[in-house]
Amino acid sequence: ASKVPLRYAVTRKGGTVLHRWTEDHNKMVVIDGQVAWTGGANISDSFSRFHDLMVRLEGAAARDMDQLFAFDWEVAGRGVRPEVPDLSYTGQGLPVNGSSEGRASVRVVSTGVGRLSFEGAVVNAIRSARRSIQVQQHQFGYDLLIDELIAAHRRGVEVRVLLDPCNIDQFIPLINHGPRAIFNAHAAIRLRQADVPVRVVKVEETFDAYHMKLGIFDETTMLVGSGNWERMGCDRATETVLEVAGGPAVTSVVAWQNRLWTHQSEPPRAGFTAHMIHLLMNLYF
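Keep in mind that this is a model prediction, so the values were computed, not measured.

J.: So what's going on with a nonpolar patch on the surface? Residues and values would help.
T.: The grouping of Val-29, Ile-31 and Trp-37 at the surface amounts to a nonpolar patch, some 250 Å² of accessible area in total. Topologically, Val-29 is positioned in strand S2 (residues 28–31). Classification of Val-29 as partly exposed rests on a relative accessible area of 38%.

J.: Describe helix H6 (residues 247–263), and please don't skip the residues or the numbers.
T.: For H6, spanning 17 residues, the distance from its first C-alpha to its last is 25 Å, which sits close to the expected 24 Å at 1.5 Å a residue. Along H6, the residues that are buried comprise Gly-247, Val-250, Val-253, Val-254, Gln-257, Leu-260 and Trp-261. Down the axis of H6, the sector holding all buried residues measures 130°, keeping them to one side. Summarising the geometry of H6, the exposed residues directed more than 90 degrees from the buried face are Pro-248, Thr-251, Thr-262 and His-263.

J.: Let's hear about the packing of helix H2 (residues 118–128) against helix H3 (residues 143–154): which residues, and what values?
T.: In the contact formed by H2 and H3, the axes pass within 9 Å of each other and the chain directions differ by 10°. When the interaxial angle is binned, H2 and H3 end up roughly parallel. Crossing geometry of H2 relative to H3 is assigned as left-handed. Only Leu-144, Leu-145, Glu-148, Leu-149 and Ala-152 of H3 make contact with H2, whose side of the interface consists of Glu-119, Val-122, Val-123, Ile-126 and Arg-127. Each residue belonging to the contact of H2 with H3 can be placed in one class, and the counts come to 7 nonpolar, no polar and 3 charged.

J.: I'd love a proper account of the sheet that holds strand S3 (residues 35–39), names of residues and values included.
T.: Reading across the sheet, the 3 strands line up as S2-S3-S5 and stay open at both edges, with antiparallel pairing between neighbours. Two strands close off the open sheet at either side, each with one partner strand: S2 and strand S5 (54–58). Neighbour-to-neighbour, the strand axes of the sheet open up by a mean angle of 15°, direction not taken into account. The pairing of S3 with S5 spans 5 bridges and is classified as antiparallel.

J.: Summarise the confidence of the model for the protein; cite the residues concerned and give the values.
T.: Here the protein shows a mean pLDDT of 83. Residues at 70 or above account for 79%. Contacts for the low-pLDDT stretch residues 175–180, under 50 throughout, to residues beyond four places or in other chains number 12 contacts.

J.: Summarise the nonpolar core; cite the residues concerned and give the values.
T.: As a rule of thumb, soluble globular proteins bury nonpolar side chains together. Among the nonpolar cores identified, the biggest contains 35 residues, and Ile-133, Phe-140, Leu-149, Val-161, Leu-191, Phe-217 and Trp-229 are the most heavily contacted of them. Within the second largest apolar cluster, 24 residues are counted, among which are Leu-57, Leu-68, Val-224 and Val-250.

J.: I'd like a rundown of the environment of Thr-90, residues and numbers included.
T.: Relative to the elements of secondary structure, Thr-90 occurs in the loop between helix H1 (60–75) and strand S6 (105–112). Relative accessible area serves as the criterion here: at 58%, Thr-90 is assigned to the exposed category. Remark: the alpha-carbon pair of Thr-90 and Ala-121, spanning 31 residues in sequence, is separated by 8.5 Å.

J.: Kindly report on the packing of H3 against helix H4 (residues 185–193), identifying the contributing residues and their values.
T.: The contact between H3 and H4 brings their axes to 10 Å, and the two run at 25°. Judged by the inter-axis angle, H3 sits roughly parallel to H4. The hand of the H3/H4 crossing is right-handed. Contacts between H3 and H4 pair Asp-143, Ile-146, Asp-147, Leu-149 and Ile-150 from the former with His-186, Ala-187, Arg-190 and Leu-191 from the latter. Here the residues of the contact of H3 with H4 sort into 5 nonpolar, 1 polar and 3 charged.

J.: Break down the pattern of salt bridges for me, citing the residues and quoting the values.
T.: Counted by the stated rule, this structure contains 9 salt bridges. Glu-101 is the partner of Arg-103 in a salt bridge, and the nearest nitrogen-oxygen pair spans 3.8 Å. There is no split in this pair, since Arg-103 and Glu-101 are both exposed. Two residues, Asp-147 and Arg-190, come together in a salt bridge whose shortest N-O distance is 2.8 Å.

J.: So what's going on with the packing of aromatic side chains? Residues and values would help.
T.: Per the stated rule, a full pass over the model turns up 3 aromatic pairs. When the centroid spacing of 5.7 Å and the interplanar angle of 85° are considered together, the rings of Phe-140 and Trp-229 count as edge-to-face. One end of the pair, Phe-140, is in the loop between strand S8 (132–137) and H3; the other, Trp-229, is in the loop between strand S13 (221–225) and helix H5 (231–235), and 89 residues separate them in sequence. Trp-229 shares its class with Phe-140; the two are buried. Here the basic side chain of Arg-199 rests over the ring of Trp-261, its NZ or CZ set 5.8 Å away from the ring centre.

J.: Just give me the short version of the environment of Ala-245, but keep the residues and values in it.
T.: Along the polypeptide, Ala-245 turns up in strand S14 (residues 237–245). Under the relative-accessibility criterion, Ala-245 is labelled buried at 1%. Sequence separation between Ala-245 and Leu-94 is 151 residues; the distance between their C-alpha atoms is 8.1 Å. The residues contacting Ala-245, other than those within four sequence positions of it, are Pro-95, Val-96, Asn-97, Ala-104, Ser-105, Thr-220, Thr-221 and Val-250.

What counts and what doesn't
Residues numbered from 1 in each chain as written. Predicted model: local features only at pLDDT ≥ 70, side-chain atom pairs only at ≥ 80, totals over all residues. Heavy atoms only, no water. Patch = residues over 30% accessible without salt bridge, like charges linked within 9 Å, V, L, I, M, F, W, Y side chains within 5 Å. Areas by Shrake-Rupley, 256 points an atom, 1.4 Å probe, with all protein chains shown as cover. Salt bridge = Lys/Arg side-chain N within 4 Å of Asp/Glu carboxyl O. Helix = DSSP H or I, 4+ residues; strand = E, 2+ residues; numbered from the N terminus. Buried < 20%, exposed > 50% of the residue type's maximum accessible area, 1.4 Å probe, protein only. Expected span 1.5 Å × (residues − 1). Arc of directions from axis to C-beta. Axes fitted to C-alpha atoms, helices over the stretch in contact; angles between N-to-C directions. Parallel < 35°, antiparallel > 145°, perpendicular 65-115°, else oblique. Left-handed = near helix turned anticlockwise from the far one by under 90°. Contact = heavy atoms within 4.5 Å. Nonpolar A, V, L, I, M, F, W, Y, C, P; charged D, E, K, R; others polar. Pairing = 2+ DSSP bridges. pLDDT = per-residue confidence, 0-100. Core = buried A, V, L, I, M, F, W, Y, C linked by side-chain atoms within 4.5 Å. Phe/Tyr/Trp six-rings, centres within 6.5 Å; stacked < 30°, edge-to-face > 60°. Lys NZ or Arg CZ within 6 Å of the ring centre and 35° of its normal.

Below you can see the structure in the form of structure tokens.
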């Protein structure tokens, strides 16, 4: 109404959603091509009641995000495909912090039209970790990544998985005190069967959900952004995720995660509904 330019992402002219790319799940702001914000937080009143994490960027990574936005803007509503940004994942091993100023080194990985580097970055990080993997997820159910975590645990890496209790009340307003943890039931049951430590966050009464999409590897590298570790986030939605190596950001997030694990989480309670969801997931996939 105020004449601000607006397009609906991943659609052709007329509103038809591009094949496979069913949702733009990004949470991204880029200012003058120099400063960028991305992470898990949607901008709405309801999401202000979610625990979330955003990252502020400057430098080359912010310019990469500006390029991503420009690409998606041209795709949206036009039915055209501009030249695809060269953002395929080619990393091997955990990245090394190359900053001489004590800042983090950052690379953008993503899912979306013309790019599929997020899944590769997660798999590479899990396989490259030698000491520890700490996972915090709002929704986690992708068997490929569950398998990778179990394999890491079996080769001696300390793996800890912290999940959102998934209160469905905020998604279905007519339900009060509905069954919890069903979105993450499949991952929780499979990981616990493999003796991988799993806990759920104890969300205070003033908050509705724990909306993290985070992995920390050897306490030196983290993957953080909009992508849940779900099949949707890895190959069907449009996502932006940051691969962050070293610097104070990783150190502070590690300390925060350790506090949550120790003081604000508990083992998941897998009831009848959770086991039925787990069974259906096994049958479907």
